[in-house]
4 protein chains.
Amino acid sequence: MVQSGMIFFHNDYNKGAHPEILRALENTNTESYTGYGLDTWCRKGAQEIQKALGSGDAAIHFLTGGTQVNYTLIAAALRPFQSVIAADCSHINGHETGAVENTGHKILAYGNKDGKLTAEAVEAAAAAYAGSRTQEHVTQPKLVFLSFPSELGTVYSKSELEAIRRVCDSYRLFLYIDGARLGYGLAAGHGDVTLQDIFRCADAFTIGGTKCGALFGEALVLKHPALKENFRSYMKQNGAMLAKGWLLGLQFYTLFRGGLYFSITKNAVAQAMRIRDAFRAKGIPLQPDSPTNQQFAILTKEQADALAEKYTFEYEGDMGGGRQCVRFCTSWSTTDEEVSALVADIAGL
Amino acid sequence: MVQSGMIFFHNDYNKGAHPEILRALENTNTESYTGYGLDTWCRKGAQEIQKALGSGDAAIHFLTGGTQVNYTLIAAALRPFQSVIAADCSHINGHETGAVENTGHKILAYGNKDGKLTAEAVEAAAAAYAGSRTQEHVTQPKLVFLSFPSELGTVYSKSELEAIRRVCDSYRLFLYIDGARLGYGLAAGHGDVTLQDIFRCADAFTIGGTKCGALFGEALVLKHPALKENFRSYMKQNGAMLAKGWLLGLQFYTLFRGGLYFSITKNAVAQAMRIRDAFRAKGIPLQPDSPTNQQFAILTKEQADALAEKYTFEYEGDMGGGRQCVRFCTSWSTTDEEVSALVADIAGL
Amino acid sequence: MVQSGMIFFHNDYNKGAHPEILRALENTNTESYTGYGLDTWCRKGAQEIQKALGSGDAAIHFLTGGTQVNYTLIAAALRPFQSVIAADCSHINGHETGAVENTGHKILAYGNKDGKLTAEAVEAAAAAYAGSRTQEHVTQPKLVFLSFPSELGTVYSKSELEAIRRVCDSYRLFLYIDGARLGYGLAAGHGDVTLQDIFRCADAFTIGGTKCGALFGEALVLKHPALKENFRSYMKQNGAMLAKGWLLGLQFYTLFRGGLYFSITKNAVAQAMRIRDAFRAKGIPLQPDSPTNQQFAILTKEQADALAEKYTFEYEGDMGGGRQCVRFCTSWSTTDEEVSALVADIAGL
Amino acid sequence: MVQSGMIFFHNDYNKGAHPEILRALENTNTESYTGYGLDTWCRKGAQEIQKALGSGDAAIHFLTGGTQVNYTLIAAALRPFQSVIAADCSHINGHETGAVENTGHKILAYGNKDGKLTAEAVEAAAAAYAGSRTQEHVTQPKLVFLSFPSELGTVYSKSELEAIRRVCDSYRLFLYIDGARLGYGLAAGHGDVTLQDIFRCADAFTIGGTKCGALFGEALVLKHPALKENFRSYMKQNGAMLAKGWLLGLQFYTLFRGGLYFSITKNAVAQAMRIRDAFRAKGIPLQPDSPTNQQFAILTKEQADALAEKYTFEYEGDMGGGRQCVRFCTSWSTTDEEVSALVADIAGL
């Protein structure tokens, strides 16, 4: 459990919402709206997102959580004999209690490169099926699942994304990008991928709200016409259509109207870079090298214990030799002061 | 779409939340919490509910929506060859896009009596299976689904509930009660069912928040030991575990701590009774006779058009002879003034 | 259990296979074939069926059983939010242990007319969905399931079939016909439906082998292009692709090559008509009036007991007043002598 | 397609049935039986298997195919949040079109050792779950899937099986053994595992008929009480209950009554050993070293082409350097003469 008096770096969803979000909820609290996402705010929220995408050619839906949006989209996209290509470390493969398989679909898990799926792995999977003389004995890979940023905080370069897109085009695969931390990924230091690139390359992707300043909620952007069809039916069937849908639309309107989504995640990444630099300066290894808000440091037990007195962070695994991998996570709510304290304490380890 | 300047009776989830809920969210917005429902507020919220139940022997979980909680509970309760007994008009049978079937389970729909499933129907279904010589060719009825109040606003009497419980005991069936509008049901005029009765008779039931003053969220009360096992795994698998779980726990804590849940729903029912009396006084038929916050009136087209100028309400169906069934729904936010206006206009029809 | 010394009318699958089937199996037993239905006999069997259909424009697959072929076809045809329209007495609704729901699909059950679904019911279901303002809250009816003959032995007339086809065309529904007893249906006394009519009206249908002279097996005829796609993948996924597929193809080749399928089922129906006439002559009610190999008689207990001494038949249900409905079923193996004995005993009741 | 005039080693299911099986089908063809496996032959077949097991404490069911029995058993054994531990090369993971995932369950695939899953891998999977602080985010491994012999023809030793059993006991996992080629596995050269050992170690396993002399069919042996419950309901629901069930029971009765199952598979393995020795004598590598009826040889293209003129065999994969892996498979129908011809031709390569 989280203790008071600590400074919190254990994840990016441990606090409520950006104050503007709460204010928006208050300001509209006594208004009456149509239910199930057919309200003004969902329309306005979608419009703001479409402006940011530079295109009105996208269906935007608002769902409450990441696992929910992932499996609902996949259930809507695939026929029963079709499967998903994903990195072995992907969230759907290891942290969603088999939600995708529960909808009937196999995940073909491929080894990752710093958390990322490679175009080569996608091509290998697709080509193996295409070339099989006994196709009916295996599932048909039909959807590529990426996380941007990846579960290890890394981001795909524009050329990596485009290479995967080309494979998807060759083999008629859907490309779906889980953007639970999209804001942080787009703010990545040397990243060259823009929101427009994501929209151009993906058939569908999410814009995470829960971890990026909203109280809760994920926006799902559907570009491929086949994925747009009847999607609200899939939402309702999967318990993913909030009765008071405007609560979600309003939040995304607030985040996107003036660029708040981008400014708060940019700050979080800047703070994460300060932490990264502090670890580097101390000679503490970071693995992998993450340009986003999640920093994975390899600490000795003594170092971890020392930092654990003032800071919360997440234990990720034993690295042998008495060392452990831990995650420090900044967020939209992380302050300069909080990071300055941590930086100083890292320096003093 | 909902128009401004109207008075809203179209449903009980068209406004945000009771002011105390919003205040609680504000007051805790900068606090940091453990994720996924393992936080202080979920614990406190559960404790308040347990106090109201008069028993600590219940597992309490918080989920985001009604369809979600219904199908997740059913998926957790049943084996693949088992089915649900429900009224034909039940929400799971007709308004959740086949969510229960999507988890693999058949719903055995039986005719309703004023919206309610009868003990006789449950007994007939269970006895038919028990007595079948070819059981393996049919599904095994294993869970009884009730709504309290029913989809038509009616409530089960204590003796009706107990009769169904006895059948469930005889045939080892789970009894699950959908309490999306539980507060309104418990406030029913001549109703003799208490929250403790619900808890005593049911193996699991929900306490609806979305329609009863919360911003969103349903509390699920699990009493039967078999249903408690691994329920969090089912929640996660079905996208029903909110990352910021405390948002739900906090709301239910706020609603239950001082009895707010009961007082606001009681007022809503009192307001609904004023509407009922106005229709009765005017000789306008109500069908069925509902003692809760939903009032179904049979109006002529002229009457409906006249009321539609100032009030929103829901069209339910054509009754023949130029008459239609419409629903007027009060809620936790309905005011004396709003109802007084309606009552006057009904009188003037 | 079935006793020796009896004459068997309890069902049409209580004996092995027509002698020609066994001979064909023997004659090919030492030959070697490619597996999984990619063999000579499956090709030849399909060709014979295509000849009978008068069209090569159909994909023919061979599966082992009726429940299997029903749910596999439905799983292949529907998206998760889509449902099946069927008669309440249909096999998939009441005698397949929820196999269709187990694949995730709701069955919308409508009242039957002498075992048959009406075009009016189909139209009502489809129109209700088409006209719904809240489509996403309900399943989309997408496939109509008929049995020919029906579970009560009755057959659709050509105009009834065509009326249903027209509704399917209007609403873009698939029409699937379960022909587990197709041979008996086509041989119906005053029936005006030919195999070509079935093929013309249906998007997919089965030609039952198990009950019509084969050792086991059902041929599935797929006409609609969308249903043909990847069907072998669905077969394999659902355990419906027999390793030694030629065993099935060979049987259907044998049944169709020289018209054996039609002659043996025609004889069975002729024998059933003798039984029907005997009951009629005796004033024993038949319900409904069945022109096929299943005869449902309403007997007194004394009559049933008397016949049960020499004949097997199936108890269908209590009719009140000490009467019961029982089924006498002829088959491809029923002989003149067996029926003559029964006819005499009915006359002597 | 298979060509005439060849000698067939491409698989062990390319011919009909052992002559005694066909004779049994003929001898009973005009008898009448109760349907759905509730007949004399299913009872007798089960009794013969129980005799061979040395125990009456097993429920025996007869199903038509391997994929079908695998996924039906798994669907019956697991709750939605539970998963299967299997080798990456296991049949359910790579050759059944995602049938297990289609029932909603994840397969946790672990690296194999000569085709076999190790006790260490099983322990690692189970321990990781047991020790997880966030169990609800991952699936619970609950069933271990083994093939005996493995997909690569190798067999588990008694100590290997017992080690896996111990892990299953420690973590309360089901152990299910796919015995599609069980007869060949039990006849393995230096194998020390008996049918009784399989029965002792497994909670459930199959005795393959399709590949071991039957026309078609697999016997499923259920030992664990939880797996016995309602299994016939799962069979029916999954299209795995043959209407003329006696066809299966009769075949297994014929195979087990006098030990035919064991003698014909023993001969097949002896013939396979002659092929193995011939390859060895020629210096042609076999990979892995298989003591059963499947022999995997690494041939040059010239060698493969030369043998392909007279023999059918299966291409398994490219091994680089112009070499390919091919499979020669003997079966219950393989003769001395066929193998002598092959042995001579291998020697002459």
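Refer to the structure printed above.
Just so we're clear, the structure is a prediction, and the values are computed from it rather than from any experiment. Every chain is numbered on its own, with residues counted from 1 as its sequence reads. All chains are assigned letters beginning with A, and all ligands numbers beginning with 1, in the order in which they are written. Restriction of local features to residues with pLDDT of at least 70 applies here, the model being predicted, together with a cutoff of 80 or more for giving and counting side-chain atom pairs; totals for whole chains, interfaces and linings are based on all residues. Based on all heavy atoms of the structure, the side-chain values leave hydrogens and waters out of the count.

**Some points on the overall build of chain A**
Helix and strand assignments come from DSSP, with helices taken as H or I runs of at least 4 residues and strands as E runs of at least 2, each series counted from the N terminus. The helix and strand inventory of chain A stands at 15 helices and twelve strands. Over its C-alpha atoms, taken along the principal directions, chain A stretches across nearly 60 × 60 × 35 Å. Between two residues, a contact is recorded if the distance between any of their heavy atoms is within 4.5 Å. The contacts of chain A with a sequence gap of at least 6 include a subset with a gap of at least 24, amounting to 73%. Carbon and sulfur atoms provide 49% of the accessible area of chain A, an area that totals close to 11700 Å². Here chain A holds 33 positive side-chain charges and 36 negative ones, and the gap between their average locations is 5 Å. All accessible areas in this document rest on Shrake-Rupley with a 1.4 Å probe, and a residue is counted as covered only by the protein chains that are shown. When charges are counted, Lys and Arg are positive and Asp and Glu negative, with His and the chain ends excluded. All charge positions are set by atom: Lys at NZ, Arg at CZ, Asp at CG, Glu at CD.

**Thoughts on the interface of chain B and chain C**
Taken together, the 20 residues of chain B in the interface contact 20 residues of chain C. The term buried area refers to how much accessible surface (probe radius 1.4 Å) is lost by two components on association, counted for both of them together. Of the roughly 1500 Å² buried between chain B and chain C, counting both surfaces, carbon and sulfur atoms make up 47%. On the chain B side of the contact with chain C, T97, E101 and K106 of chain B bury the most area, a combined 38% of that side's loss. The working definition used for a salt bridge is a side-chain nitrogen of Lys or Arg within 4 Å of a carboxyl oxygen of Asp or Glu. On the surface where chain B and chain C come into contact, there are two salt bridges.

**Points about the environment of D197 of chain D**
Residues and elements named next belong to chain D. Secondary-structure assignment places D197 in helix 9 (residues 195-201). Residues D197 and E162, spaced 35 residues apart in sequence, show a C-alpha to C-alpha distance of 8.9 Å. A polar atom in the side chain of D197 sits 2.8 Å from the side chain of R200. Polar contacts, as used here, are pairs of N or O atoms within 3.5 Å; protein pairs need one atom able to donate a hydrogen and one able to accept it. Residues neighboring in sequence count only if both atoms are side-chain atoms.

**Focus on the sheet that holds strand 9 (residues 294-300) of chain B**
Residues and elements named next belong to chain B. The three strands are arranged 9-12-11 in an open sheet whose pairing can be described as antiparallel. The sheet terminates laterally at strand 9 and strand 11 (314-320), the two strands that pair on one side only. For this sheet, the mean inter-axis angle between neighbouring strands, taken without regard to orientation, is 30 degrees. The axes used here are C-alpha line fits, helices contributing only the stretch in contact, and every angle between their N-to-C directions lies in the interval 0 to 180 degrees. Set on the sheet, helix 13 (residues 260-281) makes contact with strand 9 and strand 12 (323-329); between it and strand 9 the angle comes to about 25 degrees. Paired strands are those between which DSSP finds at least two bridges.

**Here we look at the relation of the copies chain B and chain C**
Copies overlap after least-squares fitting; the atoms used are the C-alpha atoms of residues with pLDDT of at least 70 in both. For the pair chain B and chain C, the best superposition has an RMSD of 0.0 Å and corresponds to a rotation of 180 degrees with a translation of 0.0 Å parallel to the axis. With respect to symmetry, the two chain copies, as superposed, fit the operation of a two-fold axis.

**Comments concerning the side chain of E48 of chain D**
Residue and element names in this part refer to chain D. Tracing the chain through its elements places E48 in helix 2 (residues 40-53). Judged by its relative accessible area of 11%, E48 is buried. Among all residues touching E48, those that are not within four sequence positions of it are Y253, F256 and R257. The buried label goes to any residue with under 20% of its type's maximum accessible area, the exposed label to any with over 50%, and the partly exposed label to all in between, with areas taken from a 1.4 Å probe on protein chains only.

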